[in-house]
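Below, each chain spelled out in residue letters.
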Number of protein chains: 2
Amino acid sequence: MSDSASTLDRFSCPVPLAPKSQIVLGHGSGGKLSAELIRDVFLPAFANPVLGRLEDQATLEIGNSRIAFTTDSFVVNPLFFPGGDIGSLAVHGTVNDLAMGGAKPLFLSAAFILEEGLPAETLSRVVQSMSRAAHAAGVQIVTGDTKVVERGKGDGMFINTTGIGLVPGVLNLSAANARPGDCVILSGFIGDHGIAIMAQREGLEFEVTLESDSAALHTLVDAMIEVTPEIRCLRDPTRGGVSSSLNEIAAQSGVSIQVRESDIPIRDEVRGACEMLGLDPLYVANEGKLLAIVPPRHAAAVVDAMRRHPLGAGAGIIGTVSEGRAGLVTMKTAFGTTRIIDMLAGDQLPRIC
Amino acid sequence: MSDSASTLDRFSCPVPLAPKSQIVLGHGSGGKLSAELIRDVFLPAFANPVLGRLEDQATLEIGNSRIAFTTDSFVVNPLFFPGGDIGSLAVHGTVNDLAMGGAKPLFLSAAFILEEGLPAETLSRVVQSMSRAAHAAGVQIVTGDTKVVERGKGDGMFINTTGIGLVPGVLNLSAANARPGDCVILSGFIGDHGIAIMAQREGLEFEVTLESDSAALHTLVDAMIEVTPEIRCLRDPTRGGVSSSLNEIAAQSGVSIQVRESDIPIRDEVRGACEMLGLDPLYVANEGKLLAIVPPRHAAAVVDAMRRHPLGAGAGIIGTVSEGRAGLVTMKTAFGTTRIIDMLAGDQLPRIC
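Because the structure is predicted, anything quoted here is derived from the model rather than measured. (Residues numbered from 1 in each chain as written. Chains lettered and ligands numbered in written order. Predicted model: local features only at pLDDT ≥ 70, side-chain atom pairs only at ≥ 80, totals over all residues. Heavy atoms only, no water.)

Chemist: Provide a residue-level description of the packing of aromatic side chains, including the pertinent values.
Modeler: Tallying each qualifying case throughout the model produces 5 aromatic pairs over all chains. Taken together, a centroid distance of 4.8 Å and an interplanar angle of 35° make the contact between Phe42(A) and Phe112(B) tilted. Placement of the pair is Phe42(A) in helix α2 (residues 32-45) and Phe112(B) in strand β5 (residues 104-115), with the two residues belonging to separate chains. Judged by relative accessible area, which is 7%, Phe42(A) ranks as buried. The buried category is assigned to Phe112(B), whose relative accessible area is 1%. With 6.4 Å between their ring centres and 45° between their planes, Phe158(A) and Phe158(B) make a pair best called tilted. (Phe/Tyr/Trp six-rings, centres within 6.5 Å; stacked < 30°, edge-to-face > 60°. Helix = DSSP H or I, 4+ residues; strand = E, 2+ residues; numbered from the N terminus. Buried < 20%, exposed > 50% of the residue type's maximum accessible area, 1.4 Å probe, protein only.)

The structure is reproduced here in C-alpha cells:
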C-alpha cells in the first residue's frame, strides 16, 4: 500500500517532464503518463479556463448557445476487429465524449492520415462503416481532410474525429462535481473492447467470439437525464479503463471513491484473458460503457432507467463517494480486503483506440 | 490543349476509384487525385448538403448562431522550417480555413499522434509555438488528445487542429458564387511556403533565407470585409497551389477564369528554385496568401485595403471571371500566349503541410 500511496503523492506534486526524456507508448495510455504530459506540457502552454477544467469535452458559450467540442485521434491496431473497426470507433468515441458532457451530438469532422499503399478498398470499407455509425447516431460528418504519408511513415490509417454538440441549459456535468454520499454507477460489463482487440492481435480464441462493446451512448445518457438533470458527472472509461476515470473524478472533485469488486460485472472470457495476459480488467479500455456519479436519492431510479435501455442492461451501483483522502480510489475485493486502485502507470495495451 | 481539355472532361465525368487501387501520395496533394477521393469515396458515404458544398469549412446553424467548423491534419516534413514549424502551421492553417468562410476564429482543438522515441523537448517546442500562434491569432486551444504509436509506425509528430468560428450574418462566401465580370485578387507572392520546405529538405541555399509565408489571415479578411461584405469567395491556396484553388472556384461556380502571368508576384528565389526542381509555382503551396473573387465595382477598394495590411502588401488584381467554358482556367503568359491551368495531377511536393 505504501507504494501506491507514494505514487499518488508524486502525482499531486508535479515534476516537469525531464528535458532529455522521450515519448513512450505510455504517454498515449490515458493513465499516469498521459496525465503528466497534459499537466507538464499542454496545460502550461495552452493555459485557459476551459482546457483547465480537464473534461472530455470543452463547453463553450457561442452566441446564445452552449456548445460542446471534443477531439480524438484513432490509431487502433488492427483496423478491423470483432464488433467494429477504426471507422465506427472514431464515430462512437467522439459521440461519447460529447454525450459525457450531456450534449446532443450534432456534427463531426473526419480527418484521415493514410499511408501510401493502403488498399483503396480498405479505406472504402472504413468510410462506409463511419457513415453507418454516424447515421445510426444521428450525427452528420460535415467537413474533412485527407493527408497521405510515405510508406513506412504511418500505419495504414489514422483518423481524427472532432465533434460539436449542443448542451441543454439545465445540465452541469463535471468530474469536479462528485460529493460525499453520491453513488457510483457503471453501465455494464467492463473490458470487452480492450480484450477483443488484444485477442485479435494475439490470435486468442474463445468459445464465443468476444466483441468490442463499441457503441454510441448518447441515447442512454438521454434516458438517464430524463430521470434527473442532477447527475453530477458522466465519464466513458476508455483508455486507462475504469480505474483511470475514477481516479480523475476523485482527484478533480477532491473526494475519495470506494468500489466493490463483487458489483463490477466482468465476462468470464474477459476475466480469463486478463489472467492469461497478466492484465487487470479495471485498466482495460471500454468503448460502450459509462460511469455516472449520481446523488443517492436518484441512484435507484437512474439505474432502473439504464436497465431499460439496451446499452445499460447490466447497469448497477458499484460504489460510493466519501470525504476520505482527496483523489484516493479503493476497492473492497471479493476476499474482503481493501486495495488502492491507482491510475494506470505505463501502458499495458497500446493502440487500443 | 486537347490533353488538358480531355482531363477536364474526365474530371467532370466520374469514374469510381478502381477497387484494386492503392492510396498514393497524390491522394494527399490537394489536386486532382484528392478531388477524386472526395468525389468517389467521401461524398457518397457521408452524403449531406453541408459537406456537398465542398467549402474549406462547414457552415452550421446551431441555436441562433452561424458556426464555421473546419479540420486539418498536419504531417509536414521537416517539423521545423524557416518561418515556422508544424505547430504554428497547424494553428494558421485552421484559422485560415475559418477566415476563408468569413468567420471570426474562436476555438481550436489540438490532437497529437506522436511516434515513440520523439524527444520530449521537440514536443515542447512545437506546443510552445502553437501557443504563441494561437495567442497572436486570438484563438483558444480548448480541448485536445494525444496518441502514441510504436517507433516506425509514425513520423515524429502529426497534429490535427479543428476550429470553430462565428460567421457574421451578412456574409455569403462560397466557391460557387463567382460571377462573370468579377475580379480575381491575390494577396501577394506565391510559392514561398512550398519552396521554403523543399529547400530545407533538399539543402538548397539562397543568398537570403527563404521563409515560409505561414500566417493567420483573419485580420486581413476583416479589412477586406470592412470595404464590402459583397466579396463572393475567399480561398487560401495551400496544397495544390493557386491553380487548384482557381480550378475549384471555376468548377463550382460554373464559370471560366483568366489570369495574367505578369500580374502574379513570384520572388526570384522561388522562381529560380522552381526552375531548378522542375516545379510550376502555380502548383506550389502557400500558407499565408489568399485569393478573393470580388465584384468589379469593389475590386480597387478591396486591393487598397489589403495593401494597407502587412499580409496584403503585395495584393493585386491578377485576372477576371468570364462566362466561357465552366471550370476552365487559363493564363495569359508573359510571352503573350494562353495556356490552360489544370488542377495538380499527382503530387509534386508531398507532405508540405
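Chemist: Provide a residue-level description of the relation of the copies chain A and chain B, including the pertinent values.
Modeler: Superposing chain A onto chain B requires a rotation of 180° together with a translation of 0.0 Å along the rotation axis, leaving an RMSD of 0.0 Å. Considering both components of the superposition, the chain copies are consistent with a two-fold axis. For chain A, the smallest separation between a C-alpha atom and the rotation axis is recorded for Gly154(A), amounting to 2.2 Å. Here 100% of the interface residues in chain A have copies in chain B that are interface residues too; the copies meet face to matching face. (Least-squares fit on C-alpha atoms with pLDDT ≥ 70 in both. Contact = heavy atoms within 4.5 Å.)

Chemist: Lay out the interface of chain A and chain B with the relevant residues and their values.
Modeler: Contacts between the two partners involve 80 residues from chain A and, on the opposite side, 80 residues from chain B. Regarding the contact of chain A and chain B, the summed buried area is about 6600 Å², with carbon and sulfur atoms giving 67% of it. Among the ionic pairs, Lys147(A) bridges to Asp72(B), the shortest N-O distance being 3.2 Å. Inspection of the chain A/chain B interface yields 27 residue pairs in polar contact (both at pLDDT 80 or more). (Buried area = accessible area lost by both parts, 1.4 Å probe. Salt bridge = Lys/Arg side-chain N within 4 Å of Asp/Glu carboxyl O. Polar contact = N/O pair within 3.5 Å; in protein donor to acceptor, adjacent residues only side chain to side chain.)

Chemist: So, the domain arrangement of chain A: which residues are in play, and what are the values?
Modeler: Reports often express the size of an interface as the amount of accessible area lost when the parts come together. All names here are of chain A. Domain annotation for chain A reports domain 1 (57-166) and domain 2 (171-340). On a C-alpha basis, the centres of domain 1 and domain 2 stand 24 Å from each other. Contact with domain 1, which involves 21 residues of that partner, is made by 23 residues of domain 2. Here domain 1 and domain 2 share an interface that buries about 1800 Å² over both sides, 59% of which is from carbon and sulfur atoms. Looking only at domain 1, the three residues that lose the most surface to domain 2 are Pro82, Asn96 and Met100, adding up to 33% of its buried area. On the surface where domain 1 and domain 2 come into contact, there are 0 salt bridges. Where domain 1 touches domain 2, the interface holds 10 residue pairs in polar contact (both at pLDDT 80 or more). Elements with a contribution of two residues or more to the side of domain 1 that touches domain 2: β3 (80-81) and α4 (86-99). Split by residue class, the side of domain 1 that touches domain 2 holds 11 nonpolar, 8 polar and 2 charged. (Domains from an automatic or database assignment. Nonpolar A, V, L, I, M, F, W, Y, C, P; charged D, E, K, R; others polar.)

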